[in-house]
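# Examining the three-dimensional arrangement
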Amino acid sequence: MYVHSPEEDNTTRYPALEQMTDNPFHLWEGHNEDPSAVTIASGILSDEQLYIILLFIIYTSQVINNCAIIANSLSIAVFVKLGFSEPSNISLTALAICDFTLAVLLTWSNLCFLLTYHNVRLPFHGANVTFLTGGAQWAFLSSTVAWITAFISFERCLCILVPLKVRRLITPRFTFVAMLVIILLTFCPSFFIYIRYKFVWVFNPYHNITILNTIPLNDEFAILFDKISLVICGVIQPVLAFLIVLICTVLLVGQLRKTSSWRMLVTSAKSQRVQPKENPAAGSSAEEVRISQKEERLVRMVVAIATIFIVSYIPTCIDLLCYVVFDEFNQFGVYRGLFIVSGYIISLGQTISGSVNILIYYKMASKFRSVFRRLVRLDC
């Protein structure tokens, strides 16, 4: 890593810095003693509009972040106490761990923004360094959450369509390996971004100090590799996972409707003490009915989780498409301000999604509710 001395010209050694300085909106680059003094345009949004929007979103998201951190910590603790003999406990634990990490990464980004906005002199450029130490990882980890949700939804579909075969296939060991593979293929590629961007020490004339900053490299291989990895891991993978969750959710909802109709038919037949025709399941034993009801509760829980995920992930899909279609819609482009705002809006939605899962578990899973109540001393 090169340490830049104050006497040297930053833009001479790193031409990219000149582009960043001349950018129509380079967040926090020109802050001195008064943040409101910066009046550089940001594509569609002005500085004043951008700061008002960001401050509102960040303060709101941080409150929800704190809830998400607490909620997912409790969820992880409950699943650990429940044990991992059930494959669903393993996948739901992995989902809670990812949601917890997403909340921590977003807290780091929020903290850096607020400290910079309130003129706390950080030893690094708040926006750019945060992008490489939290923002990029958050984006890829959200893709991990999408694929774990897709796996949970797909596993429930298989349990309904081929229940005997899937129980032999999807074992706890298989689920554990699947979670590791998903993390390796979706989150670990986030570190490839360091091929495209580099940390450098640069002189900040506003504060008369040398700070850590980042620059995009102009190497053709790095640019090509960055684009390919972002398109595959940052666009194709999450959109494909979203479609899988959407399709599986539709199938599960359809199955729930069939199950509900069957139960109404059985109840009606019993009330009339008549065996319904063309429905041999109506003569099932009490044990079979009990197991069916247990499976139905689990399906309903998965549908609730998937539905919340779908609603919260739609803005992400739109943002990813904009990132691919519009060249200037990125961290260093003309529409940098909109890019940052959309990122915080997306993070807010996904944090809400991750923080409410514990309410679904508590309402729909009796074992989870029982262990949770003992854990927080509600049942003494």
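Residues numbered from 1 in each chain as written. Predicted model: local features only at pLDDT ≥ 70, side-chain atom pairs only at ≥ 80, totals over all residues. Heavy atoms only, no water.

It is worth spelling out the nonpolar core at this point. As a rule of thumb, soluble globular proteins bury nonpolar side chains together. Counting 68 residues, the largest nonpolar core has Leu54, Phe113, Ile148, Met179, Tyr344, Tyr361 and Phe368 as its most contacted members. Among the secondary structure elements, those contributing two or more residues to this core are α3 (47–82), α4 (87–117), α5 (126–161), α7 (172–186), α9 (220–271), α10 (286–325), α11 (336–364) and α12 (366–375). Apart from residues lying up to four places away in sequence, Tyr344 is in contact with Leu54, Ile57, Ile58, Leu106, Ser109, Asn110 and Phe113. Membership of the second largest hydrophobic core comes to 11 residues, among which are Leu122, Phe124, Ala136 and Phe199. (Core = buried A, V, L, I, M, F, W, Y, C linked by side-chain atoms within 4.5 Å. Buried < 20%, exposed > 50% of the residue type's maximum accessible area, 1.4 Å probe, protein only. Helix = DSSP H or I, 4+ residues; strand = E, 2+ residues; numbered from the N terminus. Contact = heavy atoms within 4.5 Å.)

Moving on, we come to α12. Along an α-helix, a turn takes 3.6 residues, which lines up residues three or four apart on a common side. Among the residues making up α12, those that are buried are Phe368, Val371 and Phe372. When α12 is viewed along its axis, its buried side chains cluster within an angular range of 105° and face the same direction. The inward-facing, buried residues of α12 contact α3 and α11. Where α12 ends, the next residue or the one after it, Arg377, has phi of about 65°, a positive value. (Arc of directions from axis to C-beta.)

The pLDDT averaged across the chain works out to 77; a share of 77% of its residues lies at or above 70. Within the model, pLDDT remains below 50 along residues 1–42, and this stretch shows 93 contacts once partners closer than five positions in the same chain are excluded. (pLDDT = per-residue confidence, 0-100.)

Moving on: a nonpolar patch on the surface. Taken together, the side chains of Leu224, Ile228, Val231, Ile232, Ile236, Val324, Val325 and Phe326 present a nonpolar region at the surface, about 710 Å² in accessible area. For the nonpolar patch, the element with the most residues is α9, which contributes 5 residues. Relative accessible area serves as the criterion here: at 47%, Phe326 is assigned to the partly exposed category. (Patch = residues over 30% accessible without salt bridge, like charges linked within 9 Å, V, L, I, M, F, W, Y side chains within 5 Å. Areas by Shrake-Rupley, 256 points an atom, 1.4 Å probe, with all protein chains shown as cover. Salt bridge = Lys/Arg side-chain N within 4 Å of Asp/Glu carboxyl O.)

Here the focus is the pattern of salt bridges. Going through the model one piece at a time under the given rule, you end up with 1 salt bridge. Across the pair Arg156 and Glu155 runs a salt bridge, and its minimum N-O distance is 2.9 Å. Exposure class is identical for Arg156 and Glu155. Each is buried.

The next subject is the packing of aromatic side chains. The description of an aromatic ring pair uses the distance of the two centres, along with the angle that the planes make with each other. The full count for this structure, using the stated rule, is 11 aromatic pairs. Centre to centre, the rings of Phe131 and Tyr197 are 5.9 Å apart; their planes meet at 85°, and the pair counts as edge-to-face. Here Phe131 is found in helix α5, whereas its partner Tyr197 is found in strand β1 (residues 197–204), with 66 residues between them in sequence. For the residue pair Phe131 and Tyr197, the accessibility class agrees, reading buried in each case. Considering the side-chain rings of Phe368 and Phe372, the 6.3 Å spacing of their centres and the 10° angle between planes classify their relative orientation as stacked. In this pair, Phe368 and Phe372 both sit in helix α12, 4 residues apart, roughly one turn of the helix. With respect to burial, Phe368 and Phe372 carry one shared label: buried. In textbook terms, an aromatic cluster arises when at least three aromatic residues are bridged by ring pairs, as seen for Phe79, Tyr361, Tyr362, Phe368 and Phe372. (Phe/Tyr/Trp six-rings, centres within 6.5 Å; stacked < 30°, edge-to-face > 60°.)

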